[in-house]
Amino acid sequence: SLPAKLINGGIAGLIGVTCVFPIDLAKTRLQNQQNGQRMYTSLSDCLIKTIRSEGYFGMYRGAAVNLTLVTPEKAIKLAANDFFRHHLSKDGKKLTLLREMLAGCGAGTCQVIVTTPMEMLKIQLQDAGRIAAQKKLMAAQGQLSSSPAAAERRPTATQITRELLRSKGISGLYKGLGATLLRDVPFSIVYFPLFANLNKLGQKDPSVKAPFYVSFLSGCVAGSTAAVAVNPCDVVKTRLQSLQRGVNEDTYSGILDCTKKIWQREGPTAFFKGAYCRALVIAPLFGIAQVVYFFGIAEFLLDMLPKRRA
């Protein structure tokens, strides 16, 4: 049922995000830093410096926004894919690869309703620590004068939302919508057909579900493959959605302007910044998501409720 699918998708998203959020924070900071203003050299360097300067919970800045909105996001994504697969199938026959890709395309398009504002707010909170650390370092080197009080002030999701709504209306929360579509639609086109076909390899019979480890591994492989494939779009999206810039960092007017400046000033390899971090985030996230969703945790919980009342 649709309610059960939504609950499954939500539970899957909550579990997955909680496990991999620090890596996602490192990905955002690595993607946003530009040549000449590099604060971090790698994933581990970013996490170590974050813990030293912001404490353990500094790795989870922006997690509240993600945990709040990831439930409807993952629920919409997974349920929409099932919806489109069902309506694209003919008399229950196996879907062709093209129809599987179309179903994934529909799922990716639907999810941006929630994904864009979620990513918009999350990126501001994740990147605030990098900008503050950069200004503090430059002030210590005498390259920048700043007051300690100003350096300590960090925005909250509520403050950012209110300011965006006041100044730009609802469209302020959807900055980078085009770049989000360019990332999420191709991701879903690659991910869902790849997962479905990998998962079928572990099914001894079409009517029997594959073992949980097959679904988990299929989600990991499909997720990491799709994540790396669309990483250039993710870099552009992250840069466009960042409202605050570090010292001497570029600003961008749109997708083409951002792509052009990154290519000219940082080289083609810049489009794969944070790619391994994104693969490390997406692989377990979708592996966990598919296991929870595929095996119907919601149905189990709903079945248990009458027994507990009895």
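As a reminder, the structure under discussion sits directly above these lines.
In this report, we go over the structure that sits alongside the text. Keep in mind that this is a model prediction, so the values were computed, not measured.

Parameters at a glance
- Residues numbered from 1 in each chain as written.
- Predicted model: local features only at pLDDT ≥ 70, side-chain atom pairs only at ≥ 80, totals over all residues.
- Heavy atoms only, no water.
- Helix = DSSP H or I, 4+ residues; strand = E, 2+ residues; numbered from the N terminus.
- Buried < 20%, exposed > 50% of the residue type's maximum accessible area, 1.4 Å probe, protein only.
- Contact = heavy atoms within 4.5 Å.
- Expected span 1.5 Å × (residues − 1).
- Phe/Tyr/Trp six-rings, centres within 6.5 Å; stacked < 30°, edge-to-face > 60°.
- Core = buried A, V, L, I, M, F, W, Y, C linked by side-chain atoms within 4.5 Å.
- 1 Å grid on protein atoms, 1.4 Å probe; cavity = no way out; pocket = protein on both sides within 12 Å on 5 of 7 lines; lining within 4 Å.
- Points joined across faces, edges and corners; volume = space filled by probe spheres on them.
- Nonpolar A, V, L, I, M, F, W, Y, C, P; charged D, E, K, R; others polar.
- Salt bridge = Lys/Arg side-chain N within 4 Å of Asp/Glu carboxyl O.
- Axes fitted to C-alpha atoms, helices over the stretch in contact; angles between N-to-C directions.
- Parallel < 35°, antiparallel > 145°, perpendicular 65-115°, else oblique.
- Polar contact = N/O pair within 3.5 Å; in protein donor to acceptor, adjacent residues only side chain to side chain.
- Left-handed = near helix turned anticlockwise from the far one by under 90°.

A tally of regular secondary structure across the protein chain gives 12 helices and 0 strands. For the protein chain, the N- to C-terminal ordering of α and β elements is α-α-α-α-α-α-α-α-α-α-α-α. Looking at the protein chain as a whole, 48% of its 310 residues qualify as buried. A separation of at least 24 residues holds for 81% of the contacts in the protein chain among residues at least 6 apart in sequence.

Here helix α6 (residues 157-168) contains 12 residues, and its C-alpha end-to-end distance of 16 Å stays within 8% of the 16 Å for a straight helix at 1.5 Å per residue. Once α6 ends, the next one or two residues include G169, with phi positive near 75 degrees.

Turning our attention to the packing of aromatic side chains. Throughout the structure, instances matching the rule amount to 8 aromatic pairs. Ring centres of F21 and Y60 lie 6.1 Å apart, and the angle between their planes is 15 degrees; on these two criteria the pair is classed as stacked. Highlighted residues: F21 in helix α1 (residues 2-32) and Y60 in the loop between α2 (43-54) and α3 (63-88), separated in sequence by 39 residues. A residue is classified by how much of its surface remains accessible, and F21, at 2% relative accessible area, is buried.

If you look at the biggest cluster of nonpolar residues, it comprises 28 residues, and the most contacted ones within it are F187, Y191, I282, L285 and F286. Only α1, α3, α4 (97-140), α6, α7 (177-200), α8 (212-229) and α11 (275-294) provide two or more residues apiece to this core. Setting aside residues up to four positions removed in sequence, L285 forms contacts with G13, G16, V17, V20 and K74.

Empty pockets left among the atoms are what a rolling probe the size of a water molecule brings to light. Throughout the structure, instances matching the rule amount to 1 cavity of 30 Å³ or more. Each pocket or cavity is described by its volume, and for the largest cavity that value is around 270 Å³. Forming the boundary of the largest cavity are 22 residues, of which E73, K74, E119, I282 and L285 lie nearest the centre. Contributions of two or more residues to the lining of the largest cavity are made by α1, α3, α4, α7 and α11. Among the residues making up the lining of the largest cavity, the classes are represented as 10 nonpolar, 2 polar and 10 charged.

Moving on, we get to the pattern of salt bridges. Within this structure, the stated rule accounts for 18 salt bridges. Taking the shortest distance from any N to any O, the salt bridge between R85 and E100 comes out at 3.4 Å. Taken together, the positions of R85 in helix α3 and E100 in helix α4 put the pair 15 residues apart, joining distant regions of the chain. Both residues of the pair, R85 and E100, belong to the buried class. Notably, a salt bridge pairs R183 with D184, separated by 2.7 Å at the nearest N-O pair.

Moving on to the packing of helix α9 (residues 231-241) against helix α10 (residues 255-266). Running from amino to carboxyl end, α9 crosses α10 at an angle of 110 degrees, the nearest separation of the two axes being 10 Å. In terms of their interaxial angle, α9 and α10 are classed as roughly perpendicular. Contacts between α9 and α10 involve V235, V236, R239 and L240 from the former and I255, C258, T259, I262 and E266 from the latter. Per-class residue counts for the contact of α9 with α10 are 6 nonpolar, 1 polar and 2 charged.

What follows covers the environment of S242. Topologically, S242 is positioned in the loop between α9 and α10. Residue S242 is classed as buried on the basis of its relative accessible area, which comes to 3%. S242 sits 114 residues away from A128 along the chain, and the two C-alpha atoms are 9.7 Å apart. A distance of 2.9 Å separates polar atoms of two side chains, one belonging to S242 and the other to N32. Among the polar contacts listed, one links the side chain of S242 to the backbone oxygen of T238, at a separation of 2.8 Å.

Relative to each other, α7 and α9 sit at 155 degrees, their axes nearing to 9 Å. Taken together, α7 and α9 sit at an angle that is classed as roughly antiparallel. Classified by chirality, the crossing of α9 by α7 is left-handed. Along its contact with α7, which presents A179, T180, L182 and R183, the element α9 presents C233, D234, K237, L240 and Q241. For the contact of α7 with α9, the per-class residue count stands at 4 nonpolar, 2 polar and 3 charged.

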